[in-house]
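An overview of the molecular structure
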Amino acid sequence: MSGYTHAEIEARWQKVWEEEKTFATPDTIDFDTPKFYVLDMFPYPSGVGLHVGHPLGYIATDIVARYKRMLGFNVLHPIGFDAFGLPAEQFAVEHGVHPRVTTEANINNMLSQLKRLGFSYDWDRVLATTDTGYYKWTQWIFLQLYNAYFDEVEGKARSIETLRNDLSAGARFIDSEGTVTFKPTPSSIRWPERTVDQQEEILSHVRLAYLAEVPVNWCPGLGTVLANEEVTADGRSERGNYPVFKRPLKQWMLRITTYSERLLDGLDDVEWPAPVKMMQENWIGKSTGARVRFPVVGFDAEIDVFTTRPDTLFGATYMVLAPEHPLVDSLATKDQREAVDGYRREASRKSDVDRASETREKTGVFTGGFAVNPTNGLEIPIWISDYVLMGYGTGAIMAVPAHDSRDFEFAQEFGLEIRPVIVPPMDWLREKQTTPEKYLEDVAAPGEAYSGSGIAVNSFNDDVVLDGLSTTEAKNKIIEWLEDTGSGKAHVQYKLRDWLFSRQRYWGEPFPILHGPDGSIRTVPEADLPVALPPMEDFRPEASDDPDAPPRPPLSRAPRSWREIEIDGVVYKRELNTMPQWAGSCWYYLRFIDPGNEDALVSPEKESYWMGTDGVDLYVGGVEHAVLHLLYARFWQKVLFDLDFVSCDEPFGRLVNQGYIQAYAYRDQRGIAVEADSVVDQDGRPASDVQDQKDRSYFYDGAPVTQEYGKMGKSLKNAVSPDEICEEFGCDTLRLYEMYLGPLEQSKPWNTRDIVGVNRFLKRVWRNYVNDDGSTRELTATESDETLKMLHGTIKRVTDDLDRMSFNTAIAALIEMNSFLMKRDTISRPTAETFLILLSPLAPHIAEELWNRFGNTTMISSQSWPSYDEKILKEDSITIPVQVNGKVRASISIEPSASKDDVLSVAREHESILKYTRDNSIVKEIYVPGKIVNLVVK
RNA sequence: GCCGGGAUGGCGGAAUAGGUAGACGCAACGGACUUAAAAUCCGUUGGGACAUUCGUCCCGUGCGGGUUCGAGUCCCGCUCCCGGUACCA
C-alpha cells in the first residue's frame, strides 16, 4: 500500500483520538497556564443532517483550537446541542415520533457526522439543553431572575430579598408602579403599612421575571406566542412562515429593558463585527428627548407623549393617539363616537401584515377632543391614527407637521395647521428654491417637512424664548422649562421591549412555578429542581386557523398528578407554558466549563479561569443570531454577573461571523427548484463543471432551466453533503477546501470541481514523503540554506496567517513550500517534521499519519508550534524596483543594508533608467528602504 | 427611505504600514509519459500594440474627480450588488 488512502488513514486516527481522549480538556488543570476558550454557536440537531455549509465555522474553530494547543494554551473547545424548541418539535410532529426520540436520534447522527470531520472537540463535555441535568440549571437561573430586580440606584440587579429589607429599613423607596428610589418621592408609598399581599403585588412590578397581560405575537399556525425577535418584518413567524396576530394574553416576561443601557454600553468592550454591533444598537433603539404632558380640555386627564424634538413644541398643532390608546374611549365626543369606534375596529382587525403591505397613505379620525399645548396654551385637536404605535413610547404623539415628515403627510391629508418653528439652513432652502421669508410664509410649499436642525423661530411665551437658538440649545432650554413648570422632563426612550418568555408548546423547559388557588405565585424550591417534563403520548400543539381561539398549552393535557401539587393542604397548579428555544442557549457556554456539576451551574474557580474578564476568547457563528441569541445571552450573563455567580460582564469577548456557502441552483419553467445535481449544459456536461462559464444554457430532464445563485440548502435543492466529499476525497481535503475558498467572514460559492486542487496538494505531500513501495523517504540530518530560508519564511507566513484567521493564505504558503520541497533532492528530518506540524491544524489526519510513519511515538498535536529565526530570513541581496515618475522601469539588486546614496547611484546608472534621465533632469529621488526607488524627472 | 458591508482576470481569491496588482488554486490552451484514457509532470494564461530574437511600450482593481514622487489601498461625488431595518415620534 503506497498511495494516499485517506479513508483508512482518517478512520484510524479518529478512532485513536477518541479512544485516547487526545483532545479532552482535563477537569483539573494548571490555572497558571493561559487559557483559550474557543466556541461554536450551539447547533440544533436537525433531522436532515449537515450540508457542507454547516461545518465551515467548525473547521475554522478546530484549526484555531489545534493551533492554540500547540502554542501552549489550555484550550476549551466543546460542542453541544440546542435541542429544545420549535425545530426539533416540528420535526417530531411531522414524523409522528416523540421529540425525545427524534432529538436523540438527530443528536447521534450529527455527532457521528462531526466526528467524521476530525474535529478536536472535547467529546466528554457534549451536552444538550434537553438533558434534565442541564435544564435543572436553566430553571434555576429563571428562579434567580424571578427573585431579582434591577436597582436603578446601583445600576445592577439585586435580590428581591435585599430590596425587601431595604424597603423595611428605609434604605429604598418604591411607588405603586415599582419605581425604586434612594430617597422618598411624592409618589413613594409607605411600605410597612402595606399588607404582605399588597407588597407582593408591588414587587411583581420590579421582578426581572414577571407575569403580565400584554398584547403579544400570537401565531395560531404554531399554536404559540412568539417574541418580537422571532417575527419577521412582514408579520410572519420566522420559523414556518405562519401569520402572526397581535392579541392580549397573560404571559411570562423577562425585564430585559432594564438592561438597555448596559447592553448598549457593553458593545464598546467587545471585539465584534461592526454590523452585529449595529444591529443590536438599532434593536435596542435608544432615543433621547423629553416626555411632555398635554392637559385634555374639559376633563381631568393628561396625554403623555415622548418626543426627540422638544425644541419644536411650539409647532405642535395637533395630537395623535394610537387607536388602542386607553384614553381614546373617554375622549371621543358624541358626534365622533361612531367614526372613532369604526376606525378602531378596523385597526384591530388588521394584522401587522396588512399594515405593512398597504401603501403608506395616512388614515385617521378626529376624536372630537382637544388638548392644551403647554408651551403656548393653544387648544389643539386630538386625532387617532394607526401611524402611531401603541407599543412605542406612550402610544401618543404631539404632531409637529412642519418638522416631521409623517405629521406633515397627515396634516396635508386632513388639512391641519402646519406651523413653522425652525428656520432651515440656507443649503436646504436653496435646494427648495425658497428663502427664509418665503418659507415662514408658506411652510408647505417645498412639499415636504424640514426635519433637521436649524434656528428656532415662533417659539416663545412669557417665561421662555427659544427664538434664535440652535436646535441643541433650544432642546436644553425647553427641557429646563418643562422641568421647572412640571409639564415634562428629559427622557430616554428605548425601542427594546421586554422579552416574552412563555411558549404554548410541549418541547421546552417547564417553568419552576406554581399557581395558588388565590392567584398567588409560588416558586418550586431549588431542592425540587428539575421540574421534569412529564412523558406524554400526545404532545402536539393545538394549531388553529382561528386567531381568536384560546391558546391551550399541551401540558394542560398532562396527568393531573403532574399538573397539581399539594403543599400544606393547599392545591397548587403548575405553570403549563414552557420556556422558549432561546432559554437553554443563553448560558450553555458556562455549563461547558463544568458540565457534570450537580451542586452549581458552574464551579466558581473553573468559571473564573475559563471566562476570565473577557469571556469566550473566540465565538464563531452565523450572523443570523445577531439580535436574538446574542442579546438574550448577554442579558442573562449580566444578571448572573450582578448576582455574583459569574466573573465577567460580557460573555463573548470576540465574535466572528462566518459567511454562507452559496451554490448555483436551477429552476424549471414553473419556477420550481430542481436537483442541481442532475442539471446539464447544452453539450451534456454536468452543470457543476461549467456553471461559472459564459454562453451556457442548462437543462433538467431535457427541459430548459434557469440558473440562479443562493445560500446552500434544502429549499434551493443545491445542498452538497460533507459525507459524499469525505468519502471521495477525505475530510482533510474537505477541511482544506472550505478554508481555501476565501476569508471565513465572506460568503462564497461552492464549486465541487475545484476540490481537486487541494486534494492534489495533499497527494503531493504524501508522495513527497512516501515512496512508491510504501517505504518512508530517507531524510537527511542537515539542511541547505535555501531550504532553511523557505522553511522559516513559511513558519512566519503560516503563523501570522493563523493568528489573523487567514486560513486561505496559510494554505497557499504550505502549497508553495511543498512545491519547493518536491524539487529538492534531499530534505532534512527537521524540515519535513516542521512542515507536518505547520500542516497539522489544517489537515490533521495526513499530518498525524506521516508524523507516525517517520517513527514518532508521540502525537503530532502534542508538539510545540515552531518559531522562526529572523536571522535566517535575512537576505544577502534583495531585488527592488526602480520607478521613473511612478512607473516601474527596472529592478536592481542591492544589499539590504545599503545606504540610500549607494542604492540611488546604482539605480541612476541602470541602463534602462538612463534612457529616461539622459534628456531630463532628476528633480526628486525617493528611496523607501528595502522597498522601492522612485526618480522624478522633468 | 434609513443604516451597514462590498465591487480586483473566464472563476474563487492574494496584495498585513500608500511602494513591482493578479500570490495560491480552479478552468482553459500547448507539450511530455501512455496503444489509449485516467493519474502524474513541464510550460503558457489580465487586455492591447509593436518585435525574427533578447524584449519594448500603452491600458488596466465598478464609474467620475482629487491628494501624493507613487493609490486596489486615503479624500470627495456617483452606480450597482448583498445584508439589516422599516410610520420608533
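Because the structure is predicted, anything quoted here is derived from the model rather than measured.

A count of helical and extended segments in chain A gives 32 helices and 37 strands. Across the 938 residues that make up chain A, the buried fraction comes to 53%. Contacts spanning at least 24 positions in sequence make up 70% of the contacts within chain A whose residues lie at least 6 apart. For chain A, the computed accessible surface area is about 42,100 Å², with 48% contributed by carbon and sulfur atoms. Of the charged side chains in chain A, 101 are positive and 143 negative; the average position of the first set lies 2 Å away from that of the second.

Residues Ala148 and Phe150 point to one face of strand E5 (residues 148-151) and Tyr149 and Asp151 to the other, with burial holding for every one of them. Direction of pairing for E5 relative to strand E6 (residues 156-159): antiparallel, over a ladder of four bridges. By the bridge assignment, Asp151 is partnered in E6 with Lys156. Between E5 and the antiparallel strand that follows it, E6, lie four residues; Gly155 among them carries a positive phi value of about 70°.

The immediate surroundings of RNA strand B are formed by 56 residues, with Thr308, Arg406, Tyr740, Asp754 and Asn934 found nearest. Each atom of RNA strand B within 4 Å of the protein was classed as base or backbone; sugar and phosphate made up 64%. One nitrogen or oxygen atom from the side chain of Ser287 is found 3.3 Å from a phosphate oxygen belonging to RNA strand B. Contact distances for RNA strand B include 3.3 Å between a sugar or linking oxygen and a side-chain N or O atom of Thr307.

Below, the discussion takes up the packing of helix H26 (residues 785-803) against helix H28 (residues 829-839). For the pair H26 and H28, interaxial distance at closest approach is 11 Å and the crossing angle is 15°. On the basis of the axis angle, H26 is roughly parallel to H28. Viewed along their axes, H26 and H28 form a crossing whose handedness is left-handed. For the pair H26 and H28, the contacting residues are Thr787, Leu791, Thr794, Ile795 and Val798 in the first and Thr831, Thr834 and Leu838 in the second. Its residues assigned to classes, the contact of H26 with H28 comprises four nonpolar, four polar and no charged.

Okay, the side chain of Asp62 next. Here Asp62 shows up in helix H2 (residues 55-70). The residues touching Asp62, leaving out its near neighbours within four places in the chain, are His77, Gly118, Phe119, Ser120, Tyr121 and Arg735.

With that out of the way, let us pick up the confidence of the model for chain A. Low pLDDT marks stretches whose predicted atomic positions should not be read closely. Of the residues in chain A, 97% have a pLDDT of 70 or more, and the chain-wide mean is 89. Overall fold confidence for the complex sits at a pTM of 0.92, while the interface term, ipTM, reaches 0.94.

Before going further, it helps to examine helix H24 (residues 731-740). Counted residue by residue, H24 has nine buried out of ten residues, so it is predominantly covered. Along H24, the residues that are buried comprise Cys731, Asp732, Thr733, Leu734, Arg735, Leu736, Tyr737, Glu738 and Met739. Note on H24: the residue one or two positions beyond its end, Gly742, has a positive phi of about 150°.

Conventions we followed
Residues numbered from 1 in each chain as written. Chains lettered and ligands numbered in written order. Predicted model: local features only at pLDDT ≥ 70, side-chain atom pairs only at ≥ 80, totals over all residues. Heavy atoms only, no water. Helix = DSSP H or I, 4+ residues; strand = E, 2+ residues; numbered from the N terminus. Buried < 20%, exposed > 50% of the residue type's maximum accessible area, 1.4 Å probe, protein only. Contact = heavy atoms within 4.5 Å. Areas by Shrake-Rupley, 256 points an atom, 1.4 Å probe, with all protein chains shown as cover. Lys, Arg positive; Asp, Glu negative; His and termini not counted. Charge placed at Lys NZ, Arg CZ, Asp CG, Glu CD. Pairing = 2+ DSSP bridges. Near = heavy atom within 4 Å. Polar contact = N/O pair within 3.5 Å; in protein donor to acceptor, adjacent residues only side chain to side chain. Axes fitted to C-alpha atoms, helices over the stretch in contact; angles between N-to-C directions. Parallel < 35°, antiparallel > 145°, perpendicular 65-115°, else oblique. Left-handed = near helix turned anticlockwise from the far one by under 90°. Nonpolar A, V, L, I, M, F, W, Y, C, P; charged D, E, K, R; others polar. pLDDT = per-residue confidence, 0-100.

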